[in-house]
Amino acid sequence: MTRYTEINTTTDVLKERYILGAELVGKYDFPRLVKATGSVDGLEPVCFTEMKKCKQPRKSLGHFFVNDECFDRVWNNAEKYVDMLSNFKWVCSPDFTCYGGMPLALRVFQTYKARALAYYLWSRGVNIIPTVGWNEPESWEWCFDGIPKGSIVAVSTNGIVGKESIEHYCTGYKVMLDHVEPSKVVCIGRPLDVSKEVDIIYFDSYSMQMRKRIANGKSRLSEEEKR
């Protein structure tokens with residue numbers, strides 16, 4: 001077991017502090033995250049851009065399943081957001097964009113960033129649910145590294161559209177189950193026909209929430225017009 005114990009740059013421009021004390025695992029030395037256990041039932045999903053306005057964070061599930069530009073500032077200055085994030089019952093760890101068409105080095109770095117930031121936030125008292133993602137089959141050799149077996153894990157179906165994309169996601173999902181052996185899966189987004197061998201709890205994505213708010217607003221307006 002290798003623990004990361006040293007910051008190698010004078011001003012820590014590489015943010016090595018995020019993984020101090022972490023056990024490094026796998027081909028690319030991702031920090032191993034801590035297993036999440038407990039209840040996630042009945043929580044309200046809240047994406048990062050809405051967290052400051054959340055009135056009941058202890059009854060909410062925070063997540064980062066929005067565009068990277070909305071939360072990349074957390075990577076740049078994680079300390080600033082610890083207090084806010086630690087108020088939430090659970091927070092699904094950050095999920096940086098990682099497409100199969102990207103250079104391998106970039107995909108690995110994006111996954112490293114997600115693990116490192118998750119480990120740091122956990123070390124500062126944030127209740128983290130490890131987020132796991134995958135892309136091309138070649139990524140299956142490393143993209144699950146650092147995710148603890150037997151944990152609750154988070155996934156998202158955002159952007160999974162079209163027959164080929166859905167089939168690819170469902171295949172990768174089964175591979176994820178075999179590698180990670182999660183106790184439960186939290187899915188932000190619409191349900192897909194994936195393996196049912198592990199319980200899945202679905203939560204609305206931010207875009208789904210917005211569509212419902214717009215629909216409810218139109219419905220209320222229509223009712224008022226009838227009066």
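Residues numbered from 1 in each chain as written. Predicted model: local features only at pLDDT ≥ 70, side-chain atom pairs only at ≥ 80, totals over all residues. Heavy atoms only, no water.

A.B. asks: What's the story with the overall build of the protein in this structure? I'm lost.
C.D. replies: Helix and strand content of the protein: five helices and ten strands. Relative to a compact globule of 227 residues, whose C-alpha radius of gyration would be 17 Å, the protein shows 18 Å and is just as compact. Counting only C-alpha atoms and orienting by the principal axes, one finds that the protein spans roughly 70 × 40 × 35 Å. The buried share of the protein, taken over its 227 residues, is 48%. Considering only residue pairs separated by 6 or more positions, the protein has 64% of its internal contacts joining residues 24 or more positions apart. Roughly 11,900 Å² of accessible area belongs to the protein as shown, and the carbon and sulfur atoms make up 50% of that amount. (Helix = DSSP H or I, 4+ residues; strand = E, 2+ residues; numbered from the N terminus. Rg over C-alpha atoms; globule rule 2.2 N^0.38 Å. Buried < 20%, exposed > 50% of the residue type's maximum accessible area, 1.4 Å probe, protein only. Contact = heavy atoms within 4.5 Å. Areas by Shrake-Rupley, 256 points an atom, 1.4 Å probe, with all protein chains shown as cover.)

A.B. asks: Just to check I follow, could you spell out unusual backbone geometry for this structure?
C.D. replies: If a residue is not glycine, its phi is most likely negative; likewise, a peptide bond is most likely trans. Positioned with a positive phi, Asp 12 is a non-glycine residue whose angle comes to about 55°. Mapping Asp 12 onto the fold places it in the loop between strand S1 (2-3) and strand S2 (23-25). The exposure class of Asp 12 is buried, given its relative accessible area of 8%. Despite not being glycine, Lys 15 shows a phi value in the positive range, around 60°. Turning to its location among the elements, Lys 15 is positioned in the loop between S1 and S2.

A.B. asks: Could you clarify how one ought to interpret the pattern of salt bridges in this entry?
C.D. replies: Between side chains of opposite charge, a pair can form as their charged atoms come close. One pass over the full model with this rule turns up twelve salt bridges. Across the pair Arg 213 and Glu 50 runs a salt bridge, and its minimum N-O distance is 3.6 Å. One end of the pair, Arg 213, is in helix H5 (residues 206-226); the other, Glu 50, is in the loop between strand S4 (44-47) and strand S5 (60-63), with 163 residues separating them in the sequence. The exposure class of Glu 50 is buried, given its relative accessible area of 15%. Taking the shortest distance from any N to any O, the salt bridge between Lys 174 and Glu 197 comes out at 3.7 Å. Of this pair, Lys 174 sits in helix H4 (residues 163-180) while Glu 197 sits in the loop between strand S9 (184-188) and strand S10 (200-203), and the two are 23 residues apart along the sequence. With a relative accessible area of 52%, Glu 197 lands in the exposed category. Here the residues in one salt-bridge network are Asp 12, Arg 17 and Glu 79, joined through shared partners. (Salt bridge = Lys/Arg side-chain N within 4 Å of Asp/Glu carboxyl O.)

A.B. asks: Explanation requested: the state of the cysteines in the structure shown.
C.D. replies: Put plainly, two cysteines are in a disulfide when a covalent bond ties their sulfur atoms together. Per the counting criterion, the structure on display carries zero disulfides. Between Cys 92, a cysteine without a disulfide, and Cys 187, which holds the nearest cysteine sulfur, the sulfur-to-sulfur distance is 10.0 Å. On the basis of relative accessibility, which here comes to 0%, the residue Cys 92 falls in the buried class. As a non-bridged cysteine, Cys 170 has Cys 187 as the owner of its nearest cysteine sulfur, 10 Å distant. When its relative accessible area of 18% is taken as the criterion, Cys 170 is described as buried. (Disulfide = S-S within 2.5 Å.)

A.B. asks: Looking at this model, I keep getting lost on the pairing of strand S8 (residues 152-156). Mind explaining?
C.D. replies: Here is the key point about a regular strand: its side chains alternate between the two faces of the sheet. Counting buried positions over the five residues of S8 gives five, a clear majority of the element. Here S8 shows two buried faces, one formed by Ile 152, Ala 154 and Ser 156 and the other by Val 153 and Val 155. Here S8 runs beside S9; their pairing, made up of five bridges, is parallel. Bridge pairing links Ile 152 to Lys 184 in S9. (Pairing = 2+ DSSP bridges.)

A.B. asks: Before we go on, may I ask you to explain H4 in this structure?
C.D. replies: One turn of an α-helix holds 3.6 residues; hence residues three or four places apart share an orientation. Its 18 residues give H4 an end-to-end C-alpha distance of 25 Å, which sits within 8% of 26 Å, the value for a rise of 1.5 Å per residue. Taken as a whole, H4 has its buried residues at Tyr 169, Cys 170, Gly 172, Tyr 173, Val 175, Met 176, Leu 177 and Val 180. Residues of H4 that are buried in the fold lie against S8, S9 and S10. Of the residues flanking the end of H4, it is Glu 181, one or two places downstream, whose phi is positive at about 50°. (Expected span 1.5 Å × (residues − 1).)

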